[in-house]
Amino acid sequence: MADATAAVCNLAILEALSGDAVQEISESYVGFCAATESLLSGIGDLSAGSEMARHVHRLCKYQLHSLVWEHFLTSLEENFERNGAVKFWQHFEPYRDISISEVDRSHVCDDQIQEVLCKALEEISLENQYQKKCLLVLVDALQTYKDQVLPAKCGAVTKKEFLLSKYQLMISSVLMASLPRHFPEILRWYFKERLEELSATMAGESTDHFDSQENDEMDVDGNNRMPSESSRMDIDGGLHGDFSENKLIKNIGKVVSDLRGIGFISMAEDAYASAIFLLLKAKVNDLAGDDFRSSVLDSIKEWIQAVPLHFLHALLSFLGDSFSYERSSDIKSPLASRPLSCYPGSDNLSEGLVRWQLRLEYFAYETLQDLRIGKLFEIIVDYPESTPAIEDLKRCLEYTGQHSKLVESFISALRYRLLTAGASTNDILHQYVSTIKALRTIDPAGIFLEAVGEPIREYLRGRKDTIKCIVTMLTDGTGGNPNGTGNASDSLLEELNREEENQENGAVEDNFNTDDKQAWIAAACWEPDPVEADPLKGSRSHRKVDILGMIVGIIGSKDQLVNEYRVMLAEKLLNKSDYDIDSEIRTLELLKIHFGESSMQKCEIMLNDLIDSKRTNSNIKATIGQASQTSTVSEDSGNSLDILDATIISSNFWPPIQEEVFNLPGPVDQLLSDYSRRYTEIKTPRKLQWKKNLGIVKLELQFEDREVHFMVAPVHAAIIMQFQEQKSWNSKKLAAVMGLPIDVLNRKINFWIIKGIIAETMDQEGEGHIYTLLEGSGDSTKNGGDGGSCEELLAVDDEGEGSVASVEDQLRKEMTIYEKFIMGMLTNFGSMALDRIHNTLKMFCVADPTYDKSLQQLQSFLSGLVSEERLDFKDGVYYLKK
Amino acid sequence: MGTRPLSDGIFFTCALPSYTMLKEDEIYRSMISWHAVASWTWDAQDETCGICRMAFDGCCPDCKLPGDDCPLIWGSCNHAFHLHCILKWVNSQTSQAHCPMCRREWQFKE
Ligand SMILES: [Zn+2]
Ligand SMILES: [Zn+2]
Ligand SMILES: [Zn+2]
């Protein structure tokens, strides 16, 4: 076939020839073909060369050069296909069906493949080299003819190079054309296994650090191909022994250069690059793991230096890549000034390695970053123990700039894992605070934090107990962080305060740059309400504003928070049986720092009331010995007065107090009026008004076999005292004696039924129930406590009613005045948006009482009206319900 | 009458021999302590100060704490004011001060 083509091409020449010439040509051609044949088949034997040269010279005489070399190349191709490619691929045939995945990587199989690969490559390289030699014989023959005809050498080199490159192209296309699909994978596997082996060797090796600067100087000028010359390297101090003398490296280097020899240059590079990246990824995963409490970035970077870069350096040196081009030594890569330039060898090698280093580091940063972002939720749960992981992530993000990845991934984790009905408001809040604290490190300007925080804030706004939980978290040390971080008895305010003090002390380590600071200041303008007084706020408080500001941002206004605190404080103070308010005073001081003194004025008066009460109480007790001037009847109760203490409040400054009316047992009533009388004597013209339902009573009930202590609300004490006179009561009669509505009595007495002190039976004769004091300790033990002095604190009523009206109740009460007005507006205008109602109220209700509610307060009042089906809310506007 | 246990099984601590005479003691003994809550108020006819219009039980505009720190004072006409308010008023008058409420000559009540 090839012969025929060649013949056709030379047809024109043939026609012009004489019969003798034709005879000579055809004889020579046949001879040439036979010589070629024997040259190619005579393995290692080039003796057919001279025979072939004769024929070549004769054919060239007739200008048949191209016929000669084309035939020769074709023969080479056929021979290569037969003896090279087919045999080569046959080696890998058994591995066709082996999926070279992570799953089956038996060592036997690995060793086999390694062996087969090396053998196959060696074989094909030998074949290749022999063919090249044959080609050179032809080149030589052509050359000698040319030298005879044209003494001047021209085009000789070109011809040789032309033929060699044509040959190269030919063999690689033969191989490529028959490339089995699984071969690249075999290569990748080979490199992966070798690198892992290498990595394990490296890990085993001692990591001696020694300075090799002197050695390097010797090496700089040496353009040595010998790997041993460049065996010592010093990258960022990481240094390992004669790495490139390593047998393994030589093995790998041999494989790479064999692959290059058969034209698989980029395939080889792809294979070892992907093996390196795979190994790096595995290493990052391995080092990082699920341990967030130590930093891994530096060890990853060290490892990059120690293993892949070391390997690449050795490999590239072995291959002699760096010396394939000459470069002017004064043109240096800007990167070459880095420590890497102390690699022995030319700039090219360093430059190549620097590029590799950058690629590998970027990949490592990105891998670690993705890993950490994927686990950010857990990391934040683990905060602050996970600070090292956060620091790593920060450095990664600074490098990759992929902050948006973090935002997206974290928000979806939040939605999936935190913002669900099952999570308690407290948990959400704590995670929110931890998120702020953790991300503040990564994002000091708070830009991404804003995006991440918004879904949490929005979710929390939909929860009823959010404000309460926030206030508790801020002010209550005991119910603090469930993660148990830091001081157990620390409130968040306390923590923020301490943090600030620490920052003041270490003010030097202020690593904010000015741009960040500007952004920070802008971000710090969170305060929706004007701050009347913030005496302690200097520039230093900007950083603190962040966390607190973002917490207040959930609610929208600081006033609501303060208001809620006041209600909770009132509840707490009214349930104290002593006057110990040290922790409340401390909290108030902190709140004053953050929210301004004037905001906390009422709370301050409340605390002051307790201090005053304590003093007044002991003054009153001091009068017990003295005869009361005004009293005529109560001398005998004077001795009992010592069991009565009182908290005396300035009710104007307290939240509205829930009052309940009932009759106290006569003796107790007597005590109270005695106390009042003594108070008035000391404090005239001031007098007391008892809030009979408030306070705490400590009781001791004695059974045959044990005594039980209770701390109860006055109403419960009053009820049980009635059973001292009479062991069994009809509910109606008891209600009458107590001055309580019967349903209220039934509810209240439930407390004692649950405790197993009182039994409830139906009245056989009339209506209602019979309540009986339980006899014996039999079935009451289970509830009564275990015979000791078991103190049961029952600060708040069993029905969960507080002593103080809740903020919502207060608001509803206060807003009722405007209800008529709002209804009137809606009658006139048909429908109105929230803003408009708010502004109209502000405009018209300027006196008696002035409308002073916030938009949020109005909104919550209106949604109350909507749920009562008095208003309709659609498309952002309110209507009257028809 | 003798000892009168509340029931066969339960006593309030130290139930004493005579119920009728010592009923009260029984209660007190069973009651370790009673912490009560009261609010204080000025014993005045009006609720607000005629000068500053603030509640008596609050305090005058110059004060922060009510009660002892900002007391009320009565005039001989029986009108009451925050002490600080009437002092300011009296001091602001060039001649003899009059009660801001009834225009009678102002005199502190003895
Ligand atoms: Zn006044
Ligand atoms: Zn005052
Ligand atoms: Zn008067």
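Residue positions within a chain follow its written sequence, with the count starting from 1. The lettering of chains begins at A and the numbering of ligands begins at 1, in the order of writing. pLDDT decides what is reported in this predicted model: residues at 70 or higher carry local features, side-chain atom pairs at 80 or more are listed and counted, and totals for whole chains, interfaces and linings draw on all residues regardless. Processing note: side-chain calculations cover all non-hydrogen atoms of the structure and skip hydrogens and water entirely.

S.K.: Just checking my understanding: could you explain the overall build of chain B for this structure?
M.R.: Within chain B, the regular secondary structure consists of 2 helices and 4 strands. We count a stretch as a helix when DSSP gives it H or I for four or more residues in a row; a strand needs E for two or more, and each element gets its number in order from the N terminus. Secondary structure elements in chain B, listed N-terminal to C-terminal, are β-α-β-β-β-α. Relative accessible area decides the class of each residue, using a 1.4 Å probe on protein chains only: under 20% of the type maximum gives buried, over 50% gives exposed, and in between gives partly exposed. Of all 110 residues assigned to chain B, the portion counted as buried reaches 44%. Note on definitions: a residue-residue contact is assigned when non-hydrogen atoms from the two residues lie within 4.5 Å. Considering only contacts within chain B whose residues lie at least 6 apart along the sequence, 37% involve residues at least 24 apart.

S.K.: What am I meant to see in the coordination of the zinc ion (ligand 2) here?
M.R.: Coordination angles at a metal have ideal targets, namely 109.5 degrees for four tetrahedral donors and 90 or 180 degrees for six octahedral donors. Residues and elements named next belong to chain B. Because no water is among the atoms considered, metal sites can look incomplete, with donors defined as N, O and S atoms within 2.8 Å of the metal, or 3.2 Å for Na, K and Ca. The zinc ion (ligand 2) binds to the protein through Cys60 (SG), Cys63 (SG), Cys70 (SG) and His84 (ND1), with metal-donor distances spanning 1.9 to 2.4 Å. A four-donor site is classed as tetrahedral when every donor-metal-donor angle falls between 85 and 135 degrees; four donors are called square planar, and six octahedral, when trans pairs exceed 155 degrees and all remaining angles lie between 65 and 115, with any other arrangement labelled irregular. Around the zinc ion (ligand 2) sit 4 donor atoms; with metal-centred angles ranging over 97 to 121 degrees, the donor geometry is tetrahedral. Here the donor residues for the zinc ion (ligand 2) map to a single chain with the spacing C-x2-C-x6-C-x13-H. With Cys70 in the loop between strand E2 (31–42) and strand E3 (72–74) and His84 in helix H2 (residues 83–92), this pair connects stretches of sequence that are 14 residues apart. Its relative accessible area of 0% is what places Cys70 among the buried residues.

S.K.: Honestly, empty space enclosed by the protein in this entry has me stumped. Any pointers?
M.R.: A water-sized probe, rolled over the atoms, reveals where empty space remains. Buriedness for pockets is judged along seven lines, at least five of which must meet protein on both sides within 12 Å for an open set on the 1 Å grid over protein atoms alone, while cavities are sets there where a 1.4 Å probe fits but cannot get out, and lining residues have an atom within 4 Å of a point. Grid points are joined across faces, edges and corners, and a volume is the space filled by probe spheres set on the points. Scanning the model with the defined rule gives 4 cavities of 30 Å³ or more in all. In this model, the largest cavity occupies a volume close to 130 Å³. Looking at the largest cavity, it is lined by 15 residues, and the ones nearest its centre are Asp609, Asp612, Ile648 and Arg686 of chain A together with Trp40 of chain B. With 6 residues, the single largest contributor to the lining of the largest cavity is helix H25 (residues 601–622) of chain A. Under the scheme applied, nonpolar residues are Ala, Val, Leu, Ile, Met, Phe, Trp, Tyr, Cys and Pro; charged residues are Asp, Glu, Lys and Arg; polar residues are all the others, including Gly. Each residue belonging to the lining of the largest cavity can be placed in one class, and the counts come to 5 nonpolar, 5 polar and 5 charged.

S.K.: Is there a simple way to think about the sheet that holds strand E5 (residues 758–762) of chain A in this case?
M.R.: What holds strands together in a sheet is hydrogen bonding between their backbones, with the strands either parallel or antiparallel. Residues and elements named next belong to chain A. Taken together, the 3 strands give an open sheet; going across it, the order is E4-E6-E5, and neighbouring strands pair in antiparallel fashion. Each having just a single partner strand, strand E4 (728–730) and E5 make up the two edges of the open sheet. Taking the axes of each pair of neighbouring strands and ignoring which way they run, one obtains an average angle of 20 degrees across the sheet. Here the rule is simple: two strands pair whenever DSSP picks up at least two bridges between them. Inspection of the sheet shows E5 paired to strand E6 (residues 769–773) by 5 bridges, in the antiparallel sense. What sits directly across from Met762, in E6, is His769. Contacting E4, E5 and E6, helix H27 (residues 714–725) crosses the sheet at an angle of about 75 degrees to E6. Lines fitted to C-alpha atoms define the axes, with helix axes restricted to the stretch in contact, and inter-axis angles between N-to-C directions lie between 0 and 180 degrees. Contacts from helix H29 (residues 742–754) reach E5 and E6 within the one sheet, and its direction differs from that of E6 by about 30 degrees.

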